[in-house]
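So the chains spell out like this:
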Amino acid sequence: MNRFDSVHNLAKRKIRQLGLTPPINMEEVIHSLNIEIVEKRNQYGIEAYSELGDNLRIVINPEMTYYVQRRNFTLAHELGHIFIPWHNGDIKCNFKDNYVKVGGKRLLDTQELEANIFASDFLMPQEWLLSEIENNRDIPFDKLVELIARRANTSIMACFYALERVLPSGYCYFVKRDTSEWWSFFTSRNTYTVNWFSYNEDRMKFFQNLSIKKELFRIGPYEIVLYKMISCPSKMELCNEMERNGGSIETLIDSITGGYRHRILPFLDVVLEAVTNDKYIAFVFQDDDLIKSFYSEKSPLLRIYGAMGYEEIREIVTLYGFDFQSIDLENSMVLLYISEKKFEMPRYTYTNPNILLRQICDYHGYDKRMLQSVNGVMAAANSAYGKEYSDEELYNWCKYKFIVDPYYEELVADRNFDKYIVNKIISMKLKRK
Ligand SMILES: [Zn+2]
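Everything in this summary refers to the structure shown in the same document. The model shown is predicted, which means the values in this text are computed figures rather than measured ones. (Residues numbered from 1 in each chain as written. Predicted model: local features only at pLDDT ≥ 70, side-chain atom pairs only at ≥ 80, totals over all residues.)

### Details of the overall build of the protein
This is how the line gets drawn: Helix and strand assignments follow DSSP, with helices taken as H or I runs no shorter than four residues and strands as E runs no shorter than two, numbered in order from the N terminus. The globule rule used here is 2.2 Å times the number of residues to the 0.38 power, and the radius of gyration it is set against is calculated over C-alpha atoms. With C-beta atoms placed from the backbone, a residue counts as buried when 20 or more other C-beta atoms lie within 10 Å of its own, as exposed when 12 or fewer do, and as partly exposed for counts between those limits. Throughout, a pair of residues is in contact if the C-beta atoms placed from their backbones lie within 7 Å.
Looking only at helices and strands, the protein features 17 helices and 14 strands. What you see for the protein is a C-alpha radius of gyration of 29 Å, clearly larger than the 22 Å of a compact globule of 433 residues, by over 25%. C-alpha extents for the protein along the principal axes are approximately 85 × 55 × 40 Å. Among the 433 residues that make up the protein, the fraction classed as buried is 32%. Here the contacts in the protein between residues at least 6 apart in sequence split such that 60% fall between residues at least 24 apart.

Written out as structure tokens, the structure reads:
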């Protein structure tokens, strides 16, 4: 469980303990907890801060918390600092966004974000929010936000955070305050899980291309761009569809996207992870450049294929008889999905692997550099995975390592080389014991 999950659970627990339902009057809650609220102006533009020493105190700036909703959210945020066990000292709060400027860089301020998550969950508990959404299914997004803000007696910004958690798959929205130059980005569950771009501006363009519908709203000082995306089916639905179509990822993607295949990109990882029983590795190429890879854990192919181009990879998987699917995703993008082949480890009568390797290298006219290189690969595999992997897994790891590197092409084609790998694994294992 990560820190954010802990904060969600904490808010849920506190709401239950205190027996609260929206609208929640924070002023009353805080007084009932015997925490002092002090009103104090300051000239630094600090809206509120918490003193988390022996005497718990919340200090708020009345000039900046004039509106009841704003004040309610601010107080819930401060209560978050008080309840979250790893927040301590005096915390001065920045309500503009969750970033701080350090040495000219924008860094995420985790404590502020956590306090916002707490406040949001506290004022708008998940079950309550779900029923509000269900009861108001047909109203536009901005009306939904306003309605929730009103019923929960909280700020509009708080609603954006809260809705992200409970909306079904398919919602992405960007929000910007008039006074800010930054867009905050929100996405409902299983909607945008692959990070294709690191900047918001790029991300907007990305959604522009992939969305089903774009809507613009304004609520008070907030500008909102809502992108409605296709929704990601549940794991069970994905598996059923995959079974129906006989294991074709291409058909699966067509059925999810209605033929607009590139719309799968935002949650491609969720789909691949859901339908894969075997180990796999998948690459997305655009104009022959590798732009993303997905893989199951412990895959022997992991770091190896990355450096290759589309054609090279295809050649190798064809040569060694891997199952693979190559799927056109439009916009000159291709998904290459490879099910990993497991090589069975052959049995041989024991031969000294070092003598064997020298013979093989001599036969092909290699000098001791090749010998050292091969030994280096085996030793590295042994020290990295020797204890953790079975003989078979180690054999597969080494085998992959050699077959995907053109440097070893000639050796790999030699039937005795396999015998060398097996004997080397056995001798390394004996030495470990
Ligand atoms: Zn704060």
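Still to come is the rest of the account.
### A short note on the nonpolar core
This is how it is decided: Nonpolar cores are built from buried Ala, Val, Leu, Ile, Met, Phe, Trp, Tyr and Cys residues. These are joined into a set through C-beta atoms within 7 Å.
With 99 residues, the main nonpolar core has Leu-123, Cys-159 and Tyr-173 as its most contacted residues. In this view, Leu-123 contacts Pro-22, Ile-24, Asn-72, Phe-73, Ala-76, Ala-152, Thr-154 and Ala-158; residues no more than four positions away in its chain are not counted.

### Examining the pairing of strand S13 (residues 323-328)
Using the following cut-off: Strands were regarded as paired on the criterion that DSSP finds at least two bridges between them.
Relative to strand S14 (residues 333-339), S13 runs antiparallel, the two sharing 6 bridges. Note on S14: the bridge partner recorded for Gln-325 is Tyr-337. Connecting the antiparallel pair S13 and S14 is a turn made up of 4 residues, with Glu-330 showing a positive phi of about 70°.

### Remarks on the sheet that holds strand S3 (residues 57-60)
Test applied: Only the stretch in contact is used when fitting a helix axis, every axis being a line fitted to C-alpha atoms; angles between N-to-C directions are given from 0 to 180 degrees.
Spatially, 4 strands are ordered S1-S3-S2-S4 in an open sheet, and the strand pairing comes out mixed. Of all strands in the sheet, those with a lone pairing partner are strand S1 (36-39) and strand S4 (90-92), marking the two edges. Strand-to-strand, the axes of this sheet are offset by a mean angle of 15°, without reference to chain direction. Taken together, the 4 bridges between S1 and S3 define a ladder with parallel strand orientation. Bridge pairing links Glu-36 to Arg-57 in S3. Running at roughly 25° to strand S2 (residues 48-51), helix H3 (residues 68-83) makes contact with S2, S3 and S4 of the sheet.

### Points about H3
The cut-off we apply is this: By this rule, a helix spans an expected 1.5 Å times one less than how many residues it contains.
For H3, which comprises 16 residues, the first-to-last C-alpha distance of 22 Å matches the rise-based estimate of 22 Å (1.5 Å per residue) to within 8%. Judged by how many residues are buried, H3 sits mostly within the fold: 13 of 16 residues are covered.

### A look at the packing of helix H6 (residues 141-152) against helix H7 (residues 156-166)
Defined as follows: Orientation is classified from the angle alone, with under 35 degrees giving roughly parallel, over 145 giving roughly antiparallel, 65 to 115 giving roughly perpendicular, and any other angle giving oblique. Amino acid classes used here: Ala, Val, Leu, Ile, Met, Phe, Trp, Tyr, Cys and Pro are nonpolar; Asp, Glu, Lys and Arg are charged; the rest, including Gly, are polar.
Here H6 crosses H7 at 110°, and the two axes come no closer than 9 Å. Put simply, H6 runs roughly perpendicular to H7. Along its contact with H6, which presents Val-145, Ile-148 and Ala-149, the element H7 presents Ile-156, Cys-159 and Leu-163. Partitioned by chemical class, the residues of the contact of H6 with H7 number 6 nonpolar, no polar and no charged.

### Some details on unusual backbone geometry
In this structure, Pro-23 follows Pro-22 across a cis peptide bond, with omega equal to -5°. Looking at the element boundaries, Pro-23 is found in the loop between helix H1 (3-18) and helix H2 (26-32). Phi angles above zero are rare outside glycine, and Asn-331 is one such case at about 50°. Considering the arrangement of structural elements, one finds Asn-331 in the loop between S13 and S14. By C-beta crowding, Asn-331 is classed as exposed, having 12 other C-beta atoms within 10 Å.

### Things to note about the packing of H1 against helix H4 (residues 110-123)
As a reminder of what qualifies: The handedness criterion is simple: a crossing whose near helix is rotated anticlockwise from the far helix by less than a right angle is left-handed, and one whose near helix is rotated clockwise is right-handed.
Where H1 meets H4, the closest approach of the two axes is 9 Å, and the angle between their N-to-C directions is 35°. Seen from above, H1 lies across H4 with right-handed handedness. Two secondary-structure elements touch here, H1 through Arg-3, Phe-4, Val-7, His-8, Leu-10, Ala-11, Lys-12, Lys-14 and Ile-15 and H4 through Glu-114, Ile-117, Phe-118, Asp-121 and Phe-122. Here the residues of the contact of H1 with H4 sort into 8 nonpolar, 1 polar and 5 charged.

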